[in-house]
Amino acid sequence: MIYAANFKTNNTKAYTKEYIDKLSNFLKANNIKDEVFVFPTFCSLDSYEVPKNLTIGAQNAYPAKNGSFTGEIGLEQIDEFGIKTLLIGHSERREIFGETQEFIAKKFNFFKELGFKIIYCIGESKEIRDEGETLEYLWSEFDGIDLEYDNLIVAYEPIWAIGTGVSATKEDIDEVLSALRTKVKAPLLYGGSVKSSNINEVLSVKDCDGVLVGSASWRVESFCDIIKEGVKA
Ligand code: PEP
């Protein structure tokens, strides 16, 4: 199983260091071999010493080595810390920062050419779901994306379940992931209000290979509890 923590705009550099140390110790002490990712804020990126199954990634990067892209970081800045893993297509990038599918595909292809591991996020709004257009919408979020890419992980994150405390039901997740599985060989994650109390239900979905966790991952104890419950299943 895959467990990924998206810090968004949370946690200081000091706390991120403490978090990564504690998480590393937890994984080693419990002999957990599942794949774990942490996506800290830009200013908390560093060259951390971590066990083999823990990867530190970047939440975003501009598709350029460097240049005049105020407020962004590029390849040169993430390279400095050996970062080779990126989140692309998160609904907050799409909705708040206006990233279009065309731009997201450009970013995907830039980092794909460099062999990055990409956690590619897709997810529909409540309006789209209510209109019964979920799958059409999700397919459109694959425009320009190479689904055969070896280093791809796809995260299905319904927008209506993100940060609301109300996860999609097992049936909702199952319906979407089994449809995605007809086109996507890559591991499939679910994200949207995952916590230790619902991780077992989420991971029991047939095509679910792991989770992308926002708010419940921001405190290290809470993220470790999710992993602890998940590995029991
Ligand atoms: C996310 O935004 O990637 C996410 C899954 O958030 P939350 O767990 O808070 O719903």
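A brief look at the structure comes next. Sequence order as written defines residue numbering, which begins from 1 separately in each chain. Given that this is a predicted model, residues contribute local features only at a pLDDT of at least 70 and side-chain atom pairs are listed and counted only at 80 or more, while totals for whole chains, interfaces and linings are drawn from all residues. Side-chain descriptors were evaluated using all non-hydrogen atoms of the structure, hydrogens and water having been removed beforehand.

1. A word on the pairing of strand β6 (residues 152–156)
Next up, step 1: Any residue under 20% of the maximum accessible area for its type is buried, any over 50% is exposed, and the rest in between are partly exposed; the area is computed with a 1.4 Å probe on protein chains only. Only DSSP runs of H or I reaching four residues or more are called helices, and only runs of E reaching two or more are called strands; each is numbered from the N terminus. Of all the five residues making up β6, five are buried; the element is thus mostly covered by neighbouring parts of the structure.
Next up, step 2: Side chains of β6 alternate between two faces, with L152, V154 and Y156 and I153 and A155 buried alike.
Next up, step 3: Should DSSP find at least two bridges between two strands, the strands are taken to pair. Pairing geometry for strand β5 (residues 117–122) and β6, over five bridges, is parallel. Pairing of I122 across the sheet is with Y156, part of β6.
Next up, step 4: Here β6 runs beside strand β7 (residues 188–191); their pairing, made up of three bridges, is parallel. Bridging across to β7, Y156 finds its partner in Y190.
Next up, step 5: We call a crossover right-handed when, viewed with the strands running away from us, the connection from the first strand over the helix to the second turns clockwise. Handedness of the crossover joining β6 and β7 through helix α7 (residues 170–181): right-handed.

2. Quick word on the site of the ligand
Next up, step 1: Here, proximity means that at least one heavy atom of the residue falls within 4 Å of the molecule or strand. Around the ligand, a shell composed of 14 residues is seen, among which K8, E157, G163, S193 and S215 lie nearest.
Next up, step 2: At 2.7 Å from an oxygen atom of the ligand is found a main-chain nitrogen or oxygen belonging to G163.
Next up, step 3: Distance and chemistry together define a polar contact, namely a pair of N or O atoms within 3.5 Å, with one atom able to donate a hydrogen and the other to accept it when in protein, and with adjacent residues in sequence counting only for side-chain atoms on both sides. Within the backbone of S193, a nitrogen or oxygen atom sits 2.7 Å from an oxygen atom of the ligand.
Next up, step 4: Note on areas: Shrake-Rupley, 1.4 Å probe, and residue coverage restricted to the protein chains presented here. About the coverage of the ligand: the protein hides 99% of its 290 Å² of free accessible area.

3. Topic: the side chain of T134
Next up, step 1: Mapped onto the fold, T134 is located in helix α6 (residues 134–140).
Next up, step 2: When its relative accessible area of 12% is taken as the criterion, T134 is described as buried.
Next up, step 3: Between two residues, a contact is recorded if the distance between any of their heavy atoms is within 4.5 Å. Sequence-distant contacts of T134, defined by excluding residues within four places in its chain, comprise E124, I128, R129, Y156 and V176.

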